[in-house]
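Report on the structure
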Amino acid sequence: MRVPFIKMHGLGNDFIVLDARDAPLPPVDADVARALADRHTGIGCDQLILLQPSEQADFRMRIFNHDGGEVEACGNASRAVALLHAAPARVETGGGLIDLRPADGGASVDMGVPRFGWEDIPLAYPMDTLTMPVGWDMLEEPGAANVGNPHVVFFIEDCDAVPLETLGPLVETDALFPQAVNVNVATIESRTRLRLRVWERGAGLTRACGTGACAAAVVAIRRKRVGRSVTVALPGGELQIDWGEDGRITMTGPATESFRGEFEWDDFA
Ligand SMILES: N[C@H](CCC[C@H](N)C(=O)O)C(=O)O
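Looking at an unreviewed UniProt entry, the chain carries the name Diaminopimelate epimerase, with the source organism given as Qipengyuania spongiae. What UniProt records for the chain under Catalytic activity (unreviewed entry) is the sentence "(2S,6S)-2,6-diaminopimelate = meso-2,6-diaminopimelate". UniProt's Sequence similarities (unreviewed entry) comment on the chain is quoted here verbatim: "Belongs to the diaminopimelate epimerase family."

Looking now at unusual backbone geometry. Of note, the bond from Ile-121 into Pro-122 is cis; its omega dihedral lies within 30 degrees of zero at -5°. Of note, Pro-122 is situated in the loop between strand 8 (106-112) and strand 9 (135-136). Although it is not a glycine, Ala-180 sits at a positive phi angle of roughly 65°. With respect to the helices and strands, the residue Ala-180 is situated in the loop between helix 3 (164-172) and strand 13 (182-190).

With that out of the way, let us pick up the site of the ligand. Contacts to the ligand come from 15 residues, most closely from Asn-65, Gly-75, Glu-200, Arg-201 and Thr-211. Within the contact set of the ligand, an oxygen atom lies 2.5 Å away from a side-chain nitrogen or oxygen of Thr-211. For the ligand, whose free accessible area comes to 360 Å², the fraction covered by protein is 100%. Looking at side-chain class alone, the shell around the ligand contains four nonpolar, nine polar and two charged residues.

A word on the UniProt feature "active site" (unreviewed entry) in the chain. Here, UniProt's "active site" (unreviewed entry) annotation points to Cys-74 and Cys-209. What stands out for the annotated residues spanning 136 residues is how close their C-alpha atoms remain, the widest pair being 7.8 Å apart. One can find Cys-74 in the loop between strand 5 (70-71) and helix 2 (75-85). The class of Cys-74 is buried, set by a relative accessible area of 7%. Contacts of Cys-74, omitting those with residues within four sequence positions, involve Asn-13, Phe-15, Gln-47, Met-61, Ile-63 and Thr-211.

Residues separated by three or four positions in an α-helix point in the same direction, a consequence of the helix having 3.6 residues per turn. Helix length check: helix 4 (residues 210-222) (13 residues) gives 19 Å between terminal C-alpha atoms against 18 Å at 1.5 Å per residue, within 8%. Helix 4 sits mainly inside the fold: 12 of its 13 residues count as buried. Buried within helix 4 we find Gly-210, Thr-211, Gly-212, Ala-213, Cys-214, Ala-215, Ala-216, Ala-217, Val-218, Val-219, Ala-220 and Ile-221.

Okay, the nonpolar core next. Generally speaking, a soluble globular protein has its nonpolar side chains buried in company with each other. Ile-49, Leu-196, Leu-234 and Ile-241 are the most contacted members of the largest nonpolar core, which totals 54 residues. For this core, the leading source of residues is helix 4, giving nine residues. Split by domain, the residues of this core number at least three in each of domain 1 (2-102 + 260-267) and domain 2 (135-247). Apart from the residues within four sequence positions on either side, Leu-196 is in contact with Cys-159, Asn-184, Val-185, Ala-186, Gly-212, Ala-213, Ala-216, Val-232, Ala-233, Leu-234 and Pro-235. Core analysis: the second largest hydrophobic core is formed by 22 residues, Val-134, Val-152, Val-171 and Trp-199 among them.

Our focus in this paragraph is the environment of Leu-100. Note that Leu-100 resides in strand 7 (residues 96-103). Its relative accessible area of 2% is what places Leu-100 among the buried residues. Considered as a pair, Leu-100 and Asp-67 are 33 residues apart in the sequence and their alpha carbons are 26 Å apart. Beyond its immediate chain neighbours, meaning those up to four positions away, Leu-100 contacts Phe-59, Ser-78, Val-81, Ala-82, Pro-88, Ala-89, Val-91, Ser-108 and Val-109.

Thresholds applied
- Residues numbered from 1 in each chain as written.
- Predicted model: local features only at pLDDT ≥ 70, side-chain atom pairs only at ≥ 80, totals over all residues.
- Heavy atoms only, no water.
- UniProt positions renumbered as here; feature names shortened; annotations may be inferred.
- Helix = DSSP H or I, 4+ residues; strand = E, 2+ residues; numbered from the N terminus.
- Near = heavy atom within 4 Å.
- Polar contact = N/O pair within 3.5 Å; in protein donor to acceptor, adjacent residues only side chain to side chain.
- Areas by Shrake-Rupley, 256 points an atom, 1.4 Å probe, with all protein chains shown as cover.
- Nonpolar A, V, L, I, M, F, W, Y, C, P; charged D, E, K, R; others polar.
- Buried < 20%, exposed > 50% of the residue type's maximum accessible area, 1.4 Å probe, protein only.
- Contact = heavy atoms within 4.5 Å.
- Expected span 1.5 Å × (residues − 1).
- Core = buried A, V, L, I, M, F, W, Y, C linked by side-chain atoms within 4.5 Å.
- Domains from an automatic or database assignment.

Pasting the structure below:
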């Protein structure tokens with residue numbers, strides 16, 4: 001069976017998008033996702049995005065990490081899907097309902113209300129999540145947030161100096177995080193700007209992470225290090241994060257369609 005796909009990215013965080021809203025596809029499981037995501041033997045992506053019909057929203061967006069694991073949220077992919085859909089939409093995700101609004105060359109996404117309770121992150125046991133009394137080598141006293149998916153955020157003098165390829169997986173898989181965690185290292189540059197690098201759960205170092213930008217911004221705001229409107233500068237480019245008085249996070253930034261193609265399903269299933 002020949003299956004069409006759309007290759008997209010948000011600031012270099014790249015996706016294979018399978019659109020099954022009008023015509024069903026064979027079931028996508030971890031093995032299929034991992035095979036398609038493989039950059040040597042597959043098509044290659046950080047996340048595989050599957051669009052399906054929804055009973056409770058305009059459509060459903062399912063997210064599979066590079067390692068095949070299905071997860072609840074993906075900020076950059078939400079903007080890519082908004083570009084594809086080319087109209088405002090309410091989308092069902094594993095992390096709840098989100099609202100997409102295409103904006104010139106990208107999109108604005110209502111990412112909902114972040115949660116900060118230790119059991120919401122989740123953590124394995126009770127702990128203050130604004131300044132956690134834990135550390136791994138040079139990474140200490142992070143904050144945590146669930147923005148549809150779990151994030152831990154370390155504030156560092158220079159986030160570019162962190163050996164994230166070694167410390168990232170150490171934190172990602174620590175037993176403190178029963179569902180693993182996305183690992184963010186941030187440097188505050190001013191009251192309106194922070195620099196961010198992310199080791200993503202199930203995907204590793206990516207050029208950008210939309211939910212990471214949301215998590216780093218709200219933790220920095222809770223710590224009164226920045227105002228409620230923050231530019232987050234990631235290796236792949238910038239996102240605008242606004243945390244409204246209503247508690248909802250709005251993320252705005254670019255999205256790009258790279259190319260379209262098709263593959264033989266049986267080669268990957
Ligand atoms: N690795 C993330 C999913 C993708 C998030 C990132 N690509 C984004 O743009 O938010 C997780 O396991 O929760």
